[in-house]
Amino acid sequence: MNRTRLVIIIIVIVVIAQVLLLPLINQSSDIPSLKPSRASSTDNPTKNSNLSPGAKCTIGEDGSDPCTDPYFCTNGKCVHKNIFPDFRPAEMIGSVLIMIIIGLSNAGGVGGSSFVIPIFIFFFGYTANEAVRVTYAVVFGGLFASIFLKASLREPKYQRPVIIYDIVAICVPLLVLGAKFGTIANSVAPEICTVLSVWIISVIVLKNMWENIKKSIQKDREDQTTASQNKVGRGNSKNSFDSIEKLESKKLISGKQELTHRAPESAELSSKTTIKHIFESENDTGFEISENLKLKLLLKKETRLLPWEIYAHFIIYLISSFLLQAINGSKGSPSIIGISYCSMTYWLIFCLNIVLCVLFWGIGVYLIKEKDKNRIEAGMDMAEEYRISLPNIWRLSLIALGTGLIGGMIGLGGCLLFVPLLLTLGIPPLRATSTASFMAIFTSATSLFVTVIGKKIAFNDALFLLGIAFVGSTVIANPIVYLTKKYNRTSILTIILFGLLFIDLIYYPAYEVWRLTVAREETTAFAPIC
């Protein structure tokens, strides 16, 4: 039932987002779906033939397009074609590779954006900044699939969800705001800045993966040794199974007879002991009855997989943020109420994003402080809990804003940056990764929304990329996880990902040197905001 409700919530969010998007998507796009025909250089020798991506262009008198394939000249600028309907063989190969790599990366517990950006550059022909924008859909699709499993997991101590909703309630508004600014920064910053940022992040990931490889190899060896010892042990003890079974049968019969004579007394004692076992502290005094009941009610509320007050907080903020973006419009898409882009009204409404973020951030802080107060009053053991104190609130807020900004700028969901930071705060690894993955959904969803309504990517293309990432995270990732655990070979998966990322680190500098050679101006120039 809980999983069904979770699915319904996610579907509602997606449907509402699509309803908001449809009026904007149905307007004429700046990106034609097919490339205009080109005349040969002998038929139309022009000075600006074979222009690079983003260069200024002019259509020839005979209708020939001077831009390099797969770009075309529109509104005086070379713009990349849509993926559909002109779906080419190279793009088919790239789509399959994206699906496989997203599956591998999700199975290995790392983000896939660093791996797929070079594929978009090499097979689809995007520039680095454009590759980051289309990566938003891939990141969102991968996270969308993986969160179903993580949302149903529970921590062992109190059987609460592994996702720490206290942290999420504080960080989500700032992550979304940071992602909005990061997405804008991506459209303005020079391509060389984007490539350099992605390369630096990839180096950090590579270093962490090397440490994980050493740990995985050691763990695989220990598991294989244990499995061998157990196999030998089972062989030596095979002859003693019959005698053990007979002994256990006698004990079971004896136990049933004793239980029959003591059933009424044991049932009453068991009921009392169960309540005492759940709510009693480690010392001999225990809690008072009233405190036990208060803690019982508190745990009943906190062990829900879907805390509705927190989810309502997320959904209302996300819808409000998306609606505000649609009202304001963008450079590539007009406002739904006719506000002129870059006008005074535009910037006033844009500033409302900050006001909206602060408002919902304050509501989140209030909700969590009240929960923390109730836990103390109920006598919950807070020794191993991450306390939402005032210094921790400011620390988490700054981390969230910075992570959203960087994630929006270079195509990361934010999970890659948030997990190490949460681990440094003393949060267990499973809870840290689950919490970061859940928050990254909001970051990637915001970046994707801003990109789609800004006509930086066609809606059909976004759905296609989201779909192949979803398939990779489910159909491919789950069997890989099963096989690596079954044969104790988790290190092989990490080594494969390490090799792919190492190739990426070589590819990025080579690509950027080539771009600086053929299109220095487009690679190093800032794009105007207005």
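Residues numbered from 1 in each chain as written. Predicted model: local features only at pLDDT ≥ 70, side-chain atom pairs only at ≥ 80, totals over all residues. Heavy atoms only, no water.

## Topic: the pairing of strand β1 (residues 71–74)
The alternating pattern of β1 places Tyr-71 and Cys-73 and Phe-72 and Thr-74 on opposite faces, both of which are buried. In this structure, β1 lies alongside strand β2 (residues 77–80), joined through four bridges in antiparallel fashion. The residue of β2 that forms the bridge with Thr-74 is Lys-77. What sits between β1 and β2 in their antiparallel hairpin is a turn of two residues, with Asn-75 showing a positive phi close to 55°. (Buried < 20%, exposed > 50% of the residue type's maximum accessible area, 1.4 Å probe, protein only. Helix = DSSP H or I, 4+ residues; strand = E, 2+ residues; numbered from the N terminus. Pairing = 2+ DSSP bridges.)

## Things to note about helix α14 (residues 429–453)
With 25 residues, α14 should cover 36 Å at 1.5 Å per step; its first-to-last C-alpha distance of 36 Å lies within 8% of that length. In terms of burial, α14 is largely enclosed, as 22 of its 25 residues are buried. Among the residues trailing α14, Lys-455 stands out with phi positive, at a value near 60°. (Expected span 1.5 Å × (residues − 1).)

## Some thoughts on a nonpolar patch on the surface
There is a patch of nonpolar side chains on the surface, built from Phe-181, Ile-354, Val-358, Leu-405 and Ile-406 and spanning about 390 Å² of accessible area. Among the secondary structure elements, those contributing two or more residues to the nonpolar patch are α11 (344–378) and α12 (390–410). Mapped onto the fold, Leu-405 is located in helix α12. (Patch = residues over 30% accessible without salt bridge, like charges linked within 9 Å, V, L, I, M, F, W, Y side chains within 5 Å. Areas by Shrake-Rupley, 256 points an atom, 1.4 Å probe, with all protein chains shown as cover. Salt bridge = Lys/Arg side-chain N within 4 Å of Asp/Glu carboxyl O.)

## Let's talk about the state of the cysteines
What is meant by a disulfide is a covalent connection between two cysteines, made through their sulfur atoms. Per the stated rule, a full pass over the model turns up two disulfides. Through a disulfide, Cys-57 is tied to Cys-73; the S-S separation comes to 2.0 Å. Handedness of the Cys-57-Cys-73 disulfide follows from its S-S torsion of about 95°: it is right-handed. A residue pair is termed long-range when its members are at least 10 positions apart, and Cys-57 in the loop between α1 (2–25) and β1 and Cys-73 in strand β1 qualify at 16 residues. For the pair Cys-57 and Cys-73, one class covers both residues: buried. (Disulfide = S-S within 2.5 Å.)

## With respect to the side chain of Asp-504
Tracing the sequence through the fold places Asp-504 in helix α16 (residues 490–518). No salt bridge is formed by the buried Asp-504; its nearest oppositely charged neighbour, Arg-515, is found at 17 Å. Look past the residues within four positions of Asp-504 in its chain and what remains in contact with it is Ser-114, Phe-115 and Pro-118. (Lys, Arg positive; Asp, Glu negative; His and termini not counted. Contact = heavy atoms within 4.5 Å.)

## Observations regarding the pattern of salt bridges
With the rule as written, the count across this model stands at ten salt bridges. Here Arg-88 and Asp-69 are joined by a salt bridge, their closest N and O atoms 2.6 Å apart. In this pair, Arg-88 is assigned in the loop between β2 and α2 (89–107) and Asp-69 in the loop between α1 and β1, connecting sequence segments 19 residues apart. In this structure Arg-88 comes out as partly exposed when scored by relative accessible area, which is 22%. Note on Asp-69: relative accessible area 41%, which makes it partly exposed. Lys-371 is the salt-bridge partner of Asp-166, the closest N and O atoms lying 3.1 Å from each other. With Asp-166 in helix α5 (residues 165–188) and Lys-371 in helix α11, this pair connects stretches of sequence that are 205 residues apart. Accessibility classification places Asp-166 together with Lys-371 in one group, the buried group. Three or more residues joined by partner-sharing salt bridges are found here, namely Glu-155, Arg-160, Asp-166, Glu-302, Lys-371 and Arg-375.

## A short note on unusual backbone geometry
For the bond from Asp-69 to Pro-70, the omega torsion is 10°, close enough to zero to count as cis. Among the secondary structure elements, Pro-70 is positioned in the loop between α1 and β1. Cis geometry marks the peptide bond from Phe-84 to Pro-85, where omega comes out at 5°. Residue position: Pro-85 is located in the loop between β2 and α2. Positioned with a positive phi, Asn-75 is a non-glycine residue whose angle comes to about 55°. Among the structural elements, Asn-75 can be located in the loop between β1 and β2. Positive phi outside glycine occurs at Cys-342, with the angle close to 70°. In this fold, Cys-342 is placed in the loop between α10 (308–328) and α11.

## What about the side chain of Ser-330?
Inspection of the secondary structure assignment puts Ser-330 in the loop between α10 and α11. If we ignore the near neighbours within four places in the chain, the residues touching Ser-330 are Gln-325, Tyr-341, Ile-453 and Gly-454.

## What to know about helix α4 (residues 128–150)
In a regular helix each residue adds 1.5 Å, so 23 residues correspond to 33 Å; α4 covers 32 Å between its end C-alpha atoms and thus fits that length. Along α4, the sharpest change in direction is near 30° and occurs at Thr-135. In terms of burial, α4 is largely enclosed, as 20 of its 23 residues are buried. (Bend = angle between axes of the 7 residues up to and from the residue.)

## Some details on the packing of α5 against α14
Packing of α5 against α14 leaves a shortest axis separation of 9 Å and a crossing angle of 30°. When the axis of α5 is compared with that of α14, the two are roughly parallel. Here the hand of the crossing between α5 and α14 comes out right-handed. Seen from α5, the contacting residues are Tyr-165, Ile-167, Val-168, Cys-171, Val-172, Leu-175, Val-176, Ala-179, Lys-180 and Thr-183; seen from α14, they are Thr-435, Phe-438, Met-439, Phe-442, Thr-443, Thr-446, Ser-447, Val-450 and Thr-451. Its residues assigned to classes, the contact of α5 with α14 shows twelve nonpolar, six polar and one charged. (Axes fitted to C-alpha atoms, helices over the stretch in contact; angles between N-to-C directions. Parallel < 35°, antiparallel > 145°, perpendicular 65-115°, else oblique. Left-handed = near helix turned anticlockwise from the far one by under 90°. Nonpolar A, V, L, I, M, F, W, Y, C, P; charged D, E, K, R; others polar.)

## Considering the packing of α10 against α11
In the contact formed by α10 and α11, the axes pass within 10 Å of each other and the chain directions differ by 175°. Taken together, the axes of α10 and α11 are roughly antiparallel relative to one another. Counted by class, the contact of α10 with α11 contains 15 nonpolar, seven polar and no charged residues.

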